[in-house]
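Residue strings, one per chain:
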Amino acid sequence: MIVLGPNRYGKAEIRVVRVTRNGDAHRLKDLNVSTSLSGAMDDVHLTGDNSAVLTTDAQKNTVYAFARKHGIGAIEDFALLLARHFVDSQPSVHRARVAIEEYAWERNAGSGHSFVRSGGEVRTCVAHYDGSAARMVCGLRDLVVLNTTNSEFRGFVKDAYTTLPETGDRILATAVEASWRHAATPPGGTGAEGGEAPTDWDKSYESARQALLAAFAGTYSRSLQQTLYAMGARVIADCPEICEVRLSLPNRHHFLVDLAPFGLDNPDEVYLAADRPYGLIEGTVLRDDAPPAGPAWE
Ligand SMILES: O=c1[nH]c(=O)c2[nH]c(=O)[nH]c2[nH]1
């Protein structure tokens, strides 16, 4: 017997730039939106009957039309708006997943209409909606951070292949990829179940980001693993609306260069920044009473 397993479909990477023109002070939102729908799609796959299909082309058009009609505030609100629309307007669509990346721009030279892309950091969110519950995962990637001290690494296993020397002081650097889960949001609302509503997604994002940065800077690190836990725990402690944090931290190794051949010492001043291979440290930090994640991470 051959059967159809889980399936979904949508439009990936819909690039939308929305300009809001308030007099001379323009605002810019630069997004990459991916939609993904699932539901009563068995016949589409099994018999070629497309009557349940809301085309990926229409999904793309909806993103542009909603950008015009509703504007774009916090990406989380835009993602929820789209996810709810697809499920609530189409009987064949039972679940929607809307993922958004936001690229940040800042004003250029104080101008109202000139912008400069800021940082490398990208803000992310993934909204899920199934007609009754909405789930939100927010996050960021490419947040590059570096400590010039307060990082050691020693006491590790020494097997036949271990050559790494122990160090009591090294550079610790990483490009943070983090995502954090909010509790389920009720239909029609943007808040979290249990009264701790992230009604202001921008504020919630900013406090999670600040918590990650503060923990990275403030932790005396005995390993990147320990720093990872400190960063996740700080987000959970500082942001009551967040119940789970997942982190992926590439260890951006900085090796002291041997300058002895040139008759020079190197008292922790000149490093080679290696790009690969790199250690990849990943982990999840969560409240022990976190509600079930459902499809939030899918
Ligand atoms: O913080 C670290 N964790 C490791 O597991 C590891 N492994 C390694 O070679 N260097 C490091 N650094």
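The structure presented is a predicted model; accordingly, all values stated were derived computationally and were not measured.

Student: Teacher, can you tell me more about unusual backbone geometry here?
Tutor: Excluding glycine, most residues fall at negative phi; most peptide bonds, likewise, are trans. That bond from R276 to P277 is cis: its omega, -5 degrees, falls within 30 degrees of zero. Mapped onto the elements of the fold, P277 is located in the loop between β9 (271-273) and β10 (279-286). Non-glycine residue D142 carries a positive phi angle of around 60 degrees. Mapped onto the secondary structure, D142 falls in strand β5 (residues 134-147). Classification of D142 as partly exposed rests on a relative accessible area of 34%.

Student: Please clarify how the confidence of the model for the protein should be interpreted in this entry.
Tutor: As a note on interpretation, predicted positions should not be read in detail where pLDDT is low. Overall, the prediction assigns the protein a mean pLDDT of 94, with 95% of residues at 70 or greater. Note that pLDDT drops below 50 for residues 186-198; the model gives that stretch 30 contacts with residues more than four away or on any other chain. Scored as a complex, the prediction yields pTM 0.94 and ipTM 0.99.

Student: What is the right way to read the packing of helix α2 (residues 56-70) against helix α3 (residues 75-89) from this model?
Tutor: A pair of packed helices is characterised by two quantities: the angle between their axes and the separation of those axes. Close contact between α2 and α3 brings their axes to 11 Å; oriented N to C, the two are set at 125 degrees. One finds that α2 runs oblique with respect to α3. Crossing angle aside, the handedness with which α2 passes α3 is right-handed. Within the contact between the two elements, α2 uses Q59, T62, V63, F66, A67 and H70 and α3 uses F78, L81, L82, H85 and F86. For the contact of α2 with α3, a count of residues per class yields 7 nonpolar, 4 polar and no charged.

Student: What's the story with the site of the ligand in this structure? I'm lost.
Tutor: What surrounds the ligand is the set F153, L164, R170, S223, L224, Q225 and N251. At 2.8 Å from an oxygen atom of the ligand is found a side-chain nitrogen or oxygen belonging to R170. The separation between an oxygen atom of the ligand and a polar main-chain atom of L224 is 2.7 Å. Isolated, the ligand exposes 290 Å² of accessible area, and the fraction of that covered by the protein chains is 71%.

Student: What am I meant to see in the environment of G10 here?
Tutor: Relative to the elements of secondary structure, G10 occurs in the segment before β1 (14-22). In sequence terms G10 and V285 are 275 residues apart; their C-alpha atoms lie 31 Å from each other. With near-sequence residues (within four places) excluded, G10 lies in contact with T35, S36, T56 and Q59.

Student: What is the right way to read the side chain of H26 from this model?
Tutor: Tracing the backbone shows H26 in strand β2 (residues 25-39). Setting aside residues no more than four positions away along its own chain, H26 makes contact with V19, T20, R21, R107, G112, H113 and F115.

Basis of the calculations
- Residues numbered from 1 in each chain as written.
- Predicted model: local features only at pLDDT ≥ 70, side-chain atom pairs only at ≥ 80, totals over all residues.
- Heavy atoms only, no water.
- Helix = DSSP H or I, 4+ residues; strand = E, 2+ residues; numbered from the N terminus.
- Buried < 20%, exposed > 50% of the residue type's maximum accessible area, 1.4 Å probe, protein only.
- pLDDT = per-residue confidence, 0-100.
- Contact = heavy atoms within 4.5 Å.
- Axes fitted to C-alpha atoms, helices over the stretch in contact; angles between N-to-C directions.
- Parallel < 35°, antiparallel > 145°, perpendicular 65-115°, else oblique.
- Left-handed = near helix turned anticlockwise from the far one by under 90°.
- Nonpolar A, V, L, I, M, F, W, Y, C, P; charged D, E, K, R; others polar.
- Near = heavy atom within 4 Å.
- Polar contact = N/O pair within 3.5 Å; in protein donor to acceptor, adjacent residues only side chain to side chain.
- Areas by Shrake-Rupley, 256 points an atom, 1.4 Å probe, with all protein chains shown as cover.

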